[in-house]
Amino acid sequence: MIPLFHDVEGKRVLVVGGGSVARRRARRFVPAAEVTVVAPEFVDGFAESCDLVRRELPPEATRETLDEVIPGDGLDGTFLVVVATDDTAVNDAVAAAADEAGCLVNRADETGDVVVPSRIESAEISVALSTRGASPATTKYLRQELTPLIEEADGMVQIQRTLRAELKETMSSQQERKRRLRAVLDSPDVWDLLPDDPERAMTLARDIVEE
Ligand SMILES: C[C@@]1(CC(=O)O)c2cc3[nH]c(cc4nc(cc5[nH]c(cc(n2)[C@H]1CCC(=O)O)[C@@](C)(CC(=O)O)[C@@H]5CCC(=O)O)C(CC(=O)O)=C4CCC(=O)O)c(CCC(=O)O)c3CC(=O)O
Ligand SMILES: NC(=O)C1=CN([C@@H]2O[C@H](COP(=O)(O)OP(=O)(O)OC[C@H]3O[C@@H](n4cnc5c(N)ncnc54)[C@H](O)[C@@H]3O)[C@@H](O)[C@H]2O)C=CC1
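Nothing here was measured: the structure is a model prediction, and the numbers come from that model. (Residues numbered from 1 in each chain as written. Chains lettered and ligands numbered in written order. Predicted model: local features only at pLDDT ≥ 70, side-chain atom pairs only at ≥ 80, totals over all residues. Heavy atoms only, no water.)

Enquirer: Looking at this structure, how should I read the site of ligand 2?
Expert: Residues in close proximity to ligand 2 total 20 residues, the closest being Gly-18, Gly-19, Val-21, Arg-24 and Leu-57. At a separation of 3.1 Å, an oxygen atom of ligand 2 approaches a polar backbone atom of Ser-20. Here an oxygen atom of ligand 2 and a side-chain polar atom of Arg-24 are 2.6 Å apart. Relative to its unbound accessible area of 860 Å², ligand 2 is 69% covered by the protein chains. Every element with two or more residues in the shell around ligand 2 is listed here: helix H1 (20-29) and strand S2 (34-39). Looking at the shell around ligand 2, its residues break down into eight nonpolar, five polar and seven charged. (Near = heavy atom within 4 Å. Polar contact = N/O pair within 3.5 Å; in protein donor to acceptor, adjacent residues only side chain to side chain. Areas by Shrake-Rupley, 256 points an atom, 1.4 Å probe, with all protein chains shown as cover. Helix = DSSP H or I, 4+ residues; strand = E, 2+ residues; numbered from the N terminus. Nonpolar A, V, L, I, M, F, W, Y, C, P; charged D, E, K, R; others polar.)

Enquirer: Sorry, what's going on with a negative patch on the surface here?
Expert: On the surface, Glu-64, Asp-67, Asp-99, Glu-100 and Asp-113 cluster together into a negatively charged patch. Locating Asp-99 in the fold gives a position in helix H3 (residues 88-100). Taking the relative accessible area as the measure of exposure, Asp-99 reaches 48% and is therefore partly exposed. (Patch = residues over 30% accessible without salt bridge, like charges linked within 9 Å, V, L, I, M, F, W, Y side chains within 5 Å. Salt bridge = Lys/Arg side-chain N within 4 Å of Asp/Glu carboxyl O. Lys, Arg positive; Asp, Glu negative; His and termini not counted. Charge placed at Lys NZ, Arg CZ, Asp CG, Glu CD. Buried < 20%, exposed > 50% of the residue type's maximum accessible area, 1.4 Å probe, protein only.)

Enquirer: What am I meant to see in the site of ligand 1 here?
Expert: Close contacts around ligand 1 come from 22 residues, with Ser-118, Ser-130, Gly-133, Thr-139 and Arg-143 the closest. Surface burial for ligand 1 is 65%, taken as the share of its 1100 Å² of free accessible area covered by protein chains. Mapping ligand 1 onto the cavity grids shows that it belongs to the second largest pocket. At the level of elements, H1, strand S5 (104-107) and helix H4 (136-152) are the ones that each hand at least two residues to the shell around ligand 1. When residues in the shell around ligand 1 are grouped by element, the largest group, five residues, is from H4. (1 Å grid on protein atoms, 1.4 Å probe; cavity = no way out; pocket = protein on both sides within 12 Å on 5 of 7 lines; lining within 4 Å. Sits in = over half its atoms within 2 Å of the grid points.)

Enquirer: Explain the layout of surface pockets to me, please; I cannot follow it from the model alone.
Expert: To find leftover empty space, a probe the size of one water molecule is rolled over the atoms. Quantified by volume, the largest pocket comes out at close to 930 Å³. Contributions of two or more residues to the lining of the largest pocket are made by H1, strand S4 (78-83), S5, strand S6 (118-121) and strand S7 (126-129). Here the lining of the largest pocket is built from residues that sort into 19 nonpolar, four polar and five charged. In this structure, the second largest pocket spans a volume of roughly 620 Å³. Lining the second largest pocket are 25 residues, with Arg-24, Arg-25, Val-115, Val-116 and Pro-136 positioned closest to its centre. Counting residues per element, the ones that place at least two in the lining of the second largest pocket are H1, S5 and H4. Counting residues per element, the lining of the second largest pocket draws most heavily on H4, which supplies five residues. For the lining of the second largest pocket, the class distribution of residues is eight nonpolar, eight polar and nine charged. (Points joined across faces, edges and corners; volume = space filled by probe spheres on them.)

Enquirer: Is there a simple way to think about the packing of aromatic side chains in this case?
Expert: The description of an aromatic ring pair uses the distance of the two centres, along with the angle that the planes make with each other. Counting across every chain of the model gives one aromatic pair. Taken together, a centroid distance of 5.6 Å and an interplanar angle of 80 degrees make the contact between Phe-42 and Phe-46 edge-to-face. Note on Phe-42: relative accessible area 15%, which makes it buried. (Phe/Tyr/Trp six-rings, centres within 6.5 Å; stacked < 30°, edge-to-face > 60°.)

Structure, rendered in structure tokens:
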């Protein structure tokens, strides 16, 4: 599996199932994507912008069955199908139809074409974590453990962004720019200053770059 950060703005996502896992998946894709959710019943708390279709899909669901519930171009206009019912036969049929139509498939009950990773979103950094389906509990644990570390690195990203732009203006050698930016990252003093005194961290970083 290859991790990618994908822009889903305006793309159609179909979620099949109306339980808490379906709701979690739908939340992930709203508000960027156009999300349609199909199930005979829904738990509370689906985002208002989701298009909820109240229908029980049969275990022999086909492409045509799904085309009927999806607005617009049906599966042809659908980027991703999330399969999240508690009925394996339905999940299998929906996954097969979506696959045949060339859509990406995410399955809540096993590993599909795409896995929904755990996410850390700090001000400057996006991290996606997965155990490739083996242990979602470990994935969640690692997210909780790694979040402070990632948040601490936000200040470094801000320093690097500024210095990187300045160096691009003033220094023509890419190798030399790379060496100087790395020297800032390798400075324990800059990291130590970051949490309490980001301005001094910036001053020190600038000194290192200008050495
Ligand atoms: C394959 C995948 C689906 C996919 O590809 O989308 C999948 C599948 C399954 N999860 C199950 C169970 C649990 N899932 C969680 C939590 C999360 N699960 C998520 C993703 C994924 N789960 C994908 C693989 C991720 C990877 O590669 O690591 C996260 C990251 C994202 C999200 O769901 O939003 C989110 C953590 C978010 C966070 O907090 O950071 C917990 C923990 C808890 O709830 O506290 C438990 C209970 C403990 C345990 O079982 O570990 C079961 C068994 C059901 C059963 O027992 O019947 C299956 C099916 C199976 O594997 O059989
Ligand atoms: N990825 C994850 O993090 C987790 C995945 N799971 C897996 O995901 C599945 C769903 O989990 P929950 O949301 O907790 O289950 P749930 O039982 O709360 O919800 C199942 C939903 O599927 C709908 N459904 C059932 N038959 C249907 C049909 N024929 N057509 C359309 N919709 C139908 C139901 O109306 C209900 O809304 C579980 O069975 C399990 O395999 C479970 C826990 C965590």
